[in-house]
Amino acid sequence: MAQRWLWMLVPWRGSWNLRSKAPGQVLLLFFPQDNHIKTAKYTLYTFLPINLFEQFQRFANAYFLVLLILQLIPEISSLSWFTTIVPLVLVLSITAVKDATDDYFRHKSDQQVNSRQSQVLTKRKLQNEKWMNVRVGEIIKLENNQFVAADLLLLSSSEPYGLCYIETAELDGETNLKVRQALTVTSELGADVAKLSEFNALEIVTLGESEEGEVICEPPNNKLDKFTGTLYWKDNKYPLDNEKMLLRGCILRNTEWCFGMVIFAGLQTKLMQNCGRTKFKRTSIDKLMNTLVLWIFGFLICMGIILAIGNTIWEQKVGGNFWEHLRWDHLLSSAVFSGFLTFWSYVIILNTVVPISLYVSVEVLRLGHSYFINWDRKMYYSRKDTPAEARTTTLNEELGQVEFIFSDKTGTLTQNIMIFSKCSINGKIYGDVYDEFGHKVEITEVGELVYQAQSPDEGALVTAARNFGYVFRARTPETITLYEMGQPVTYQLLAILDFNNVRKRMSVIVRNPKGQLKLYSKGADTILFDRLDPSNEELMYTTSEHLNEFAGEGLRTLALAYKDLDEDMFDEWMKKLLFVSTVLENREERLGALYEEIEQGLMLVCLVCACLLGATAIEDKLQEGVPDTISCLSLASIKIWVLTGDKLETAMNIGYSCNMLRDDMNEVFVISGYSTLEVQRELKNAKERITGPSREKISIGQDVGKSDMYASDSVFEETIIAEYALVINGHSLAHALEADLELILLDVACLCKTVICCRVTPLQKAQVVELVKRHKRAVTLAIGDGANDVSMIKTAHIGVGISGQEGMQAVLASDYSFAQFRYLQRLLLVHGRWSYHRMCNFLCYFFYKNFAFTLVHFWFGFVCGFSAQTVYDQWFITLFNIVYTSLPVLAMGLFDQDVNEQYSIRYPNLYKPGQLNLLFNKRKFFTCTLQGVYTSFALFFLPFGAFSCAVREDGAHISDQQSFAVTIATSLVIVVSVQVTIGLDTNFWTAVNHFFIWGSLAIYFAILFAMNSDGIFKIFPSQFPFVAFCDWRSLKAYVPCWACFTLGTARNTLNEKTVWLVILLTTVVCTMPVVAIRFIRTDLQPTQTDKAMLRCRGQVRFLQQASRRQGPQEQNLRRVRRTSSRRSAYAFAHQQGYGELITSGKNMKVHVPSTSTFPGSSPGRTRAGSSSTENKLGERKDTHNVAAAEDTTKPGVTEHTGLGGGSVYSRDTLYTN
């Protein structure tokens, strides 16, 4: 059974054997594993084949490779091979250079790491050895500030009790030092090489050649915070856990030296196990583009079939008359076979309708948009020297389509800088300390002694105790020393019952100087109150009232309790603890059950009372700009859900502080049922209250495509005018996420303006995000700052990490990162919206110009006997997409702005087109396609009609094919250049735009005249035969009749005034309908962007005059100063494993106090009397203080006059139709 469990635990990537040791136990025998690592993908010999194989897995590249092969067949190809191979090689080369550059740096990094030196104990002496040569079972010596070479079992160190200090920045991004401690039995080895060499017999034991000692441990895995193993040595068993391990990538700090034995090496280390490929996130535009490319390919096949059928018919009726003169083979004289060959010929000619350079161009745009985010100084946090960072380049345009934001609370909305405020001891409240001048002072004022706590909550508690005379001064693995009012007191530390997300509490067992056994416990009040002795009932109610008062002020709370323990019972329990601590299988679960046993047993069976000590309250201030940011994002129709581990009352109070909850809301629904039936009933009642009597609904109906998409979804069919909020507890959420209730939960949540989920676990956060992703076709964004937010960040379409007080785990797992929540507003409303706008315009233009360029061949097929003759010369076909028209659209896609950044934030409703997918969808694609078809039709038939009767100034006909090709090509380049400036409204002109547009036209004419010059014809007459001149009527024949020759087709053609008139006429006919349609639509049905652009350009001055006469109406942007008695969360923010951190003797270090401070805007509150939450939710009678008027120049707060009808609107109704 154990063997099966180990096989299922983690996919094995190394070499090992299983050997039975005893029933229920398994010994892992590792073969020697060197420490060599390899992160590079290629070698010098494998780069070309592997890279080409990867690139040709893309549909477009494989498609053009097939076309290239077809072009090598003379019978079906009317184009030279270079027309396809030049753009294909260019695309493959750019991608290959990028991949080779990335891999070169990976090789360089691998070589640098593998060549690091380490001291290895070999033959009773230390020898320098490269990292790559270190093997499992060897003992190595580390010195201060050295990197850890492999995953080591710490044996001994220069510090007392076998302690050492490490920095884990490369593993989890945290720069604060962590403490590790060796087993007492191995710490005694010290630096004695002889004793360490004897212990080194374990190197052979792992191979099964000695029974001197052995290590039993879990297989290699990627869990950085967990290690389970047992050391068997000298007939004793010793438990091994993560606190005794030094992982590869850590740095030894503040420790002169230490020795460790290699457990995992090379690719088996936890660091390398975490280097696997992350889940690739694709945007909705990416998925749509792949679908559209397949549709385009199908359209290409249809055009080839139509032209092949036309060729078959033409050959039967007309072409057959010329077969005897052409002397073709018998097969070629078949009309059906001729049509078959023509089909493949037209597939080759019309291949440019499938855009080969599309994906490369998109990646260039995304890279540019990412740099704009990184360079944005307005998202730079100077106090921590932290800029915004785009950690991916594939999701930028999706930032402009976000509909749901899932946010953590602590450290994300708040500063996570805790200040001790007050406490309740034995039923009495203490707090609000004042100096001799009557000024209020902070209890947690920093003194000479500074603590490095695991969480800000603990730092605030211990610092406050120090300031009251109870100073924590020293700690060893067995003792804790305090100075109580100046007198040193030492407690013997016996056991710690560790914290985890299930227990939600932590207990410690100590023996005081009087010899008494005490169990102290701290945690959530809801957990501790259930374990109190009945004699404490009156004190519990009093303390609960105090907690209500603390929560009403938005404070985080923590309950404390103690017990007196019996010696005999404790001795028996300790024996069980020692046994369970050395068990390999299910150790954590069995320890949790044992902790529960002593806590539950003592409370229920023992005659000793469990007494309540009291409760503490800690303030966590809001970050600067959080209320304004949330208000602005809400006006952009972005739903913000708060997912927090705090209590319901604290989460609700933060909601009021952030303007997510307001007293003018119709109702706030609280879901707190403890069973599935209760939760179902509460959700159904909430839904009936929302959709029942009032029925105040309006149809959003702004996007046909999206409305059709959500036709079966009532949430997206209707928007509720009345405002509701949903607050759901963690235990209720567990039932609501079940398959039977999840859809009801989602419906109710989406009908509410605000959703707050409290007391949720990291897994539940991810489940909520996955629920919305699975059932709503909406883009989701998750933002957090701690390790408990990583699963949520990875699950959402877009993950944002905040570099706060809880380390860098969230940042390392995110797609975008910055230092403050308020920067999210700029990331979405400015960078996200611009990226979406630019990408959509780019795609529309790209598809348009490709259809306009390619379909000219389709129309030409009807006048050339379906002979697969091309209109353009081959060099124009080769250079059109990669030289003539690539740069202007890239400039537009990189720099265009429909409105500036100030207006993007001032008018949040401009964000809605991205949410409704209005700027690029299937309907837009068909519109661009039809425009391209129309343009190609005009490009061909206008010159065709004009040239059929036009003559030169000397009376000769302008009727040769080369002149016709030059005219169409010149018209095409000019039309698409005009289209990018006028038709697609390049709104923001830069010097780069002008340079690229006029430069592309100049390059076109330079290349045109060069390729049609006398000199190049004389040098390469077979490659540049663009000198033909013949009667245009001969084009109707199967083979053109070359009547005469002249040099310089382009020069002769463009010297004619008639040609330029044709080019001008074609340009006007192609562009004027687009301009007219845009003008009429803007005038009759202006979009929100059109209105904002008019405002931005100063074309509505009369509205400004109206706004002076009539002040803006204040609506839902007022800041509510709330007085409430809602309960707050406990201030306990430990991570699992903190108890073992203490027992392992991780003593403190005195550090220089930090001088950095963090700004916060904690909304002022009036103190309220205590009352229950339920009474407040039904009917609120308390008085609110309306905040002072906000600065009207602040983005996200300003109210503005409307843009139409002369009426005055607040910002949230500015564009309501």
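If you're wondering where the values come from, they're calculated on a predicted model, not measured in any experiment.

K.L.:
Which residues make up the overall build of the protein chain, and what are the values?
P.N.:
Secondary structure assignment for the protein chain yields 43 helices and 38 strands. The 1217 residues of the protein chain split such that 55% are buried. Within the protein chain, contacts between residues separated by at least 24 positions form 75% of all contacts whose residues are at least 6 apart in sequence. Carbon and sulfur atoms provide 57% of the accessible area of the protein chain, an area that totals close to 53100 Å².

K.L.:
Now, about the pairing of strand β33 (residues 798-802): what can you tell me, with residues and values included?
P.N.:
Across the five residues that make up β33, a large majority, five, are buried. Burial along β33 is two-sided: the face carrying Ile798, Val800 and Ile802 and the face carrying Gly799 and Gly801 are both buried. Note that strand β32 (residues 779-784) and β33 share four bridges and pair parallel. Looking across to β33, one finds that glycine 784 is bridged to glycine 801. Each parallel crossover has a hand, and for β32 linked through helix α27 (residues 790-795) to β33 it is right-handed.

K.L.:
If you had to explain the packing of helix α29 (residues 823-861) against helix α30 (residues 874-884) to someone new, which residues and values would you point to?
P.N.:
Look at α29 against α30: their axes get within 11 Å of each other, and the N-to-C directions meet at 170°. Judged by the angle between their axes, α29 and α30 are roughly antiparallel. When α29 is examined against α30, the residues Lys849, Asn850, Phe853 and His857 are found in contact with a partner set consisting of Phe876, Ile877, Phe880 and Asn881. Class assignment for the residues of the contact of α29 with α30 results in four nonpolar, three polar and one charged.

K.L.:
How would you summarise the nonpolar core if you had to cite specific residues and measurements?
P.N.:
If you look at the biggest cluster of nonpolar residues, it comprises 97 residues, and the most contacted ones within it are Phe842, Leu843, Tyr872, Phe876, Phe940 and Leu972. If one sorts the elements of this core by residue count, α29 sits on top with 18 residues. Dropping the residues within four chain positions of it, leucine 972 is found in contact with Ala852, Phe853, Tyr872, Phe876, Phe880 and Leu939.

K.L.:
So what about the confidence of the model for the protein chain? Which residues, and what values?
P.N.:
In this model, the protein chain carries a mean pLDDT of 75, and residues with pLDDT of at least 70 account for 73%. For the protein chain, helix α1 (residues 2-9) is the element with the lowest average pLDDT, namely 32, and strand β16 (residues 402-407) is the one with the highest, namely 93. Low pLDDT, under 50, characterises residues 1027-1047; the stretch is placed with 47 contacts to residues that sit more than four places away or in other chains. When the criterion is pLDDT under 50, residues 1111-1135 qualifies, and its contacts beyond four places in sequence or with other chains add up to 134 contacts.

K.L.:
Please set out unusual backbone geometry residue by residue, giving values where relevant.
P.N.:
Of note, the phi angle at asparagine 426 is positive, near 55°, even though the residue is not glycine. Inspection of the secondary structure assignment puts asparagine 426 in the loop between β17 (414-425) and β18 (428-431). Accessibility expressed as a relative area gives 60% for asparagine 426, which makes it exposed. Even without a glycine there, the phi angle at arginine 759 is positive, about 60°. With respect to the secondary-structure elements, arginine 759 resides in the loop between β31 (754-757) and α26 (762-775). A residue is classified by how much of its surface remains accessible, and arginine 759, at 12% relative accessible area, is buried.

K.L.:
Run through the environment of histidine 775, naming residues and quoting values.
P.N.:
Inspection of the secondary structure puts histidine 775 in helix α26. For histidine 775, a relative accessible area of 30% puts it in the partly exposed group. Taking the C-alpha atoms as reference, histidine 775 lies 9.8 Å from glutamate 742; in sequence the two are 33 residues apart.

K.L.:
Any chance you could break down the sheet that holds strand β3 (residues 117-122) for me, citing the residues and the numbers?
P.N.:
Spatially, six strands are ordered β4-β3-β5-β14-β6-β12 in an open sheet, and the strand pairing comes out antiparallel. The open sheet has two edge strands with one neighbour each: β4 (125-130) and β12 (245-246).

K.L.:
Outline the sheet that holds strand β7 (residues 163-167), listing residues and values.
P.N.:
Pairing is antiparallel in the open sheet, where three strands are placed in the order β8-β7-β13. Of all the strands in the sheet, just β8 (177-181) and β13 (251-253) have a single pairing partner and so form its edges. Looking at each pair of strands side by side, their axes are set apart by 45° on average, direction ignored. As paired strands, β7 and β13 are joined by three bridges and run antiparallel to one another. Note that in β13 the partner of tyrosine 165 across the bridge is arginine 253.

K.L.:
Describe the packing of α30 against helix α36 (residues 991-1011), and please don't skip the residues or the numbers.
P.N.:
Remark: α30 packs on α36, axes separated minimally by 11 Å, with the N-to-C direction vectors making an angle of 160°. The orientation of α30 relative to α36 falls into the category roughly antiparallel. Taken as a pair, α30 and α36 cross one another with a handedness that is right-handed. Listed contacts from α36 to Trp875, Phe876, Leu879, Val883 and Tyr884 of α30 are Ser1000, Ile1003, Tyr1004, Ile1007 and Met1011.

K.L.:
Just give me the short version of the pattern of salt bridges, but keep the residues and values in it.
P.N.:
Applying the stated criterion across every chain, the model contains 24 salt bridges. Across the pair arginine 180 and glutamate 243 runs a salt bridge whose closest N-O atoms are separated by 3.4 Å. Here the residue arginine 180 occupies a position in strand β8, and glutamate 243 occupies one in the loop between β11 (236-240) and β12, the gap between them amounting to 63 residues. Taken individually, arginine 180 and glutamate 243 each receive the classification buried, so the pair is uniform in this respect. A salt bridge links arginine 511 to glutamate 567, with the nearest nitrogen and oxygen atoms 2.7 Å apart. In this pair, arginine 511 is assigned in strand β22 (residues 505-511) and glutamate 567 in helix α17 (residues 567-581), connecting sequence segments 56 residues apart. By relative accessible area, glutamate 567 is classed as partly exposed at 32%. In the salt-bridge network here, residues are joined through shared partners; they are Asp286, Glu363, Arg366 and Glu397.

K.L.:
Please give an account of the environment of alanine 725 that cites residues and values.
P.N.:
Mapped onto the fold, alanine 725 is located in strand β30 (residues 724-728). When the C-alpha atoms of alanine 725 and glutamate 667 are compared, they prove to be 6.6 Å apart, with 58 residues separating the residues in sequence. Apart from residues no more than four positions distant in its own chain, alanine 725 is found in contact with Leu661, Met665, Glu667, Val668, Phe669, Cys752 and Thr754.

K.L.:
So what's going on with helix α13 (residues 358-374)? Residues and values would help.
P.N.:
Taking 1.5 Å per residue as the helical rise, α13 with its 17 residues ought to reach 24 Å, and the 25 Å between its terminal C-alpha atoms agrees with that figure. Along its buried surface, α13 packs onto α4 (82-114), α10 (284-317), β15 (389-390), β34 (816-818), α29 and α31 (886-895).

K.L.:
Which residues make up the packing of aromatic side chains, and what are the values?
P.N.:
Scanning all chains against the criterion turns up 49 aromatic pairs. Centroid distance phenylalanine 847 to phenylalanine 920: 6.2 Å. Interplanar angle 10°. Geometry classified as stacked. Remark: phenylalanine 920 occurs in the loop between α33 (912-915) and α34 (922-947) and phenylalanine 847 occurs in helix α29; sequence separation between them is 73 residues. A relative accessible area of 1% means that phenylalanine 847 is categorised as buried. Overall, the relative accessible area of 0% leaves phenylalanine 920 in the buried class. Following the ring pairs from residue to residue traces out a cluster consisting of Phe858, Trp859, Phe860, Phe862, Phe866, Phe937, Phe940, Phe941, Phe944, Phe947 and Phe964. Of note, arginine 473 hangs over the ring of tyrosine 483, and the distance from its end group to the ring centre comes to 5.2 Å. Over the ring of phenylalanine 846 we find lysine 849, and its NZ or CZ is 4.5 Å from the ring centre.

Scoring rules and cut-offs
- Residues numbered from 1 in each chain as written.
- Predicted model: local features only at pLDDT ≥ 70, side-chain atom pairs only at ≥ 80, totals over all residues.
- Heavy atoms only, no water.
- Helix = DSSP H or I, 4+ residues; strand = E, 2+ residues; numbered from the N terminus.
- Buried < 20%, exposed > 50% of the residue type's maximum accessible area, 1.4 Å probe, protein only.
- Contact = heavy atoms within 4.5 Å.
- Areas by Shrake-Rupley, 256 points an atom, 1.4 Å probe, with all protein chains shown as cover.
- Pairing = 2+ DSSP bridges.
- Right-handed = clockwise from strand over helix to strand, strands pointing away.
- Axes fitted to C-alpha atoms, helices over the stretch in contact; angles between N-to-C directions.
- Parallel < 35°, antiparallel > 145°, perpendicular 65-115°, else oblique.
- Nonpolar A, V, L, I, M, F, W, Y, C, P; charged D, E, K, R; others polar.
- Core = buried A, V, L, I, M, F, W, Y, C linked by side-chain atoms within 4.5 Å.
- pLDDT = per-residue confidence, 0-100.
- Left-handed = near helix turned anticlockwise from the far one by under 90°.
- Salt bridge = Lys/Arg side-chain N within 4 Å of Asp/Glu carboxyl O.
- Expected span 1.5 Å × (residues − 1).
- Phe/Tyr/Trp six-rings, centres within 6.5 Å; stacked < 30°, edge-to-face > 60°.
- Lys NZ or Arg CZ within 6 Å of the ring centre and 35° of its normal.

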